[in-house]
Amino acid sequence: MTEVIPTKQMPPGLQVENVDDRIMTLNVGPQHPGSGHMRIIVKIDGDYIVDADPDPGYVHRGEEKMAESRNYITNIPHLERPVIHDSCNILYPYVLGVEDLVGIEVPERAKYVRVIAAELNRCIYIQYWLAIYGIFLGHSTMFMWPAGDRELFIDLMEKITGARVTHAYFIPGGVRNDIPANFEDVCLRQVNYFEKRIKEYADIFYDNPILKARTEDAGVLSREDAIRLGTTGSVLRASGVDYDVRIKEPYDVYDELDVHTNVLKEGDSYARSKVPWLDMLESCNIIRQALEKMPKSGSIRTKLKPNPKGGIDEVYRRVETGRGAAGCHIISREKPEPYRLKLSVGSFRNLIALPYLLKGEKLGNMPAVYWSLNYWPVEADR
Amino acid sequence: MSTTETKVPPKHTKKETVPEKTEDTTPAFEKSFVDQIVNQFSDDIEIEYIKENRTKLKVKKEKIVDVAKFIKDNTPFDHAESVTGVDFPDDKEIGVTYHLGSYTDPDYSKQVLALATRAPREETPNPGNDSTKLPSLRNMFYSVEFHEREIFEMLGVYFDGHPDNRRLLLPEDWADLPPLRKDFKNKGR
């Protein structure tokens, strides 16, 4: 390959690409390579990927810029837009951060309600993700089953919040409204059925020899690389690192519940697809414990003053979302609006692993590797 | 994780930020590793705050690489989980804050160490060709790669030594101000 010498200096941000006849460049996306607009520029030599360059940004909505001109309450509905399926969890670090800034305590009952809502939402997200993973691998049943079973929890969330997705349920100081009267019984029944149901996925999907043949040893991420690249969530735990924010830095009432992490050592696509499924089983345990321990009555919200302000301060809070740790860095300058709000989300952090995993893989393995990263394009772009 | 005994360290809500008596309330564990870093670079480093599980150090931009190298080699912080770029038009500076965490050492799993530095800010930015430059920390903390690319396009901070200073989220033909600067106004706001 001869080096192309540009005739004039290229402005920063652009680069000259050398063309080689042997190498073919493929644009995967930006029209929905899976779900959400995202492009992967793949260079292939025959059937093997020699280079992969993720190109996110097609669903960039400027959430961080928008947050600077809205006050702490009006920020809530738009900040959950990056992941509407996981809207409680993506709001969680923001809400915790604002509580720290403004200095309010959350009632005990509200903390339990939040944990239940967050875990229900985590299952809803993972089911959606799993459905797309199924269709990515040509497994139509695995698309239908999770897409159908997630309706159980969507119904529960609708009972709590009034909305199927985009709940805008968490607010600084607690939650927006109380859970309905007979919710505990309905929830317990649905969770028990849901757990029984997702255990059946093992027979059709996770123990399926065809799935195993396609995903085992595809895109192996070693433990050292997982740490070095700063990956998070299921990607990290599938590579043998025991790290879950719910356990390592418990927020709200997670320290009063018995939470276990699911860690697998293989680091391949199969392990990465299995960890979220195990997380769902764990979520069912957490919901059952929280329902039992939750105070049966009491306040669900500490009232905020109108137009709450923080001092000259900053706060960095993190939680475990369905895709990994999400951090929210809020800088406050005695105004009702944040001076700067940064969301560091799991999808964006895991994206960096994609070029490493794809290099040397066969092109046919690309969907299995790409979606096993538990990646949500809209969240990565924010 | 058990239910009854040992409410392990209070989650940093309001309780411990209210008493503002610096000396006595500074958490000892956090202070120990911060002191280790500060003693090494006494003149070029400044402690912004030491709170429970959260610490922030301000570093001169000339020394940020040395400090990061020292942290990488001598403390358990092994990855950067977030990089925030902030525009401070009043100070004529752009701040960049790296949030470092540790996966390997269980004692440090709660800790987030923030390393902050500032780059000069130009009134009429020309990203990449003006004085708004900082050294890249990618060689020490690999995970900053995409974060630094994002800050380059969003605030116009060019990271020297970054191998891939291309745009990430913005369109390739974006010709306006870097959008997260305070002088880039949202329409209708």
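The structure presented is a predicted model; accordingly, all values stated were derived computationally and were not measured.

A.B. asks: Just to check I follow, could you spell out the sheet that holds strand β8 (residues 340-344) of chain A for this structure?
C.D. replies: Within a sheet, each strand pairs with its neighbour through backbone hydrogen bonds, oriented either parallel or antiparallel. Residues and elements named next belong to chain A. Strand order in the open sheet made by the three strands is β6-β7-β8, with antiparallel pairing throughout. Looking at strand neighbours, the two that pair on one side only are β6 (312-321) and β8, the edges of this open sheet. In this sheet, neighbouring strand axes are inclined to one another by 10 degrees on average, regardless of whether the strands run parallel or antiparallel. In the sheet, β6 pairs with strand β7 (residues 324-333) via 10 bridges, with the strands oriented antiparallel. If you follow Arg318 over to β7, its bridge partner there is Gly327. Against the sheet, helix α3 (residues 87-102) contacts β6 and β7, and its axis sits at roughly 150 degrees relative to β6.

A.B. asks: What's the story with the nonpolar core in this structure? I'm lost.
C.D. replies: One recurring pattern in soluble globular proteins: nonpolar side chains tend to sit buried together. Counting residues in each nonpolar core, the largest one holds 151 residues, and the members touching the most others are Leu91(A), Leu120(A), Leu115(B) and Val157(B). With 18 residues, helix α4 (residues 108-136) of chain A is the single largest residue contributor to this core. Beyond its immediate chain neighbours, meaning those up to four positions away, Leu120(A) contacts Phe153(A), Leu156(A), Met157(A) and Ile287(A).

A.B. asks: How should the sheet that holds strand β3 (residues 79-88) of chain B be read in this particular structure?
C.D. replies: All names here are of chain B. The five strands are arranged β1-β2-β5-β4-β3 in an open sheet whose pairing can be described as mixed. A single partner strand is all that each edge strand has here, and the edge strands are β1 (45-51) and β3. Across this sheet, the average inter-strand angle for adjacent strands is 20 degrees, counted without regard to direction. Bridge analysis of strand β2 (residues 54-59) against strand β5 (residues 112-120) gives five bridges, and the strand direction is parallel.

Cut-offs and rules
Sequence order as written defines residue numbering, which begins from 1 separately in each chain. Working convention: letters from A go to chains and numbers from 1 go to ligands, in the order in which they are written. pLDDT decides what is reported in this predicted model: residues at 70 or higher carry local features, side-chain atom pairs at 80 or more are listed and counted, and totals for whole chains, interfaces and linings draw on all residues regardless. Strands qualify as paired when DSSP identifies two bridges or more between them. Under the scheme used here, helices are H or I runs from DSSP no shorter than 4 residues and strands are E runs no shorter than 2 residues, and both carry numbers assigned from the N terminus. A fitted line through C-alpha atoms serves as each axis, taken over the contacting stretch for helices, and the angle formed by two N-to-C directions is quoted from 0 to 180°. Note that contacts rest on C-beta atoms placed from the backbone: two residues are in contact if these are within 7 Å. A set of buried Ala, Val, Leu, Ile, Met, Phe, Trp, Tyr and Cys residues, joined to one another through C-beta atoms within 7 Å, is what we call a nonpolar core. Comment: burial labels come from other C-beta atoms within 10 Å of the residue's own C-beta, placed from the backbone, where a count of 20 or more is buried, 12 or fewer is exposed, and between is partly exposed.

Any functional reading would require information beyond the geometric quantities listed.
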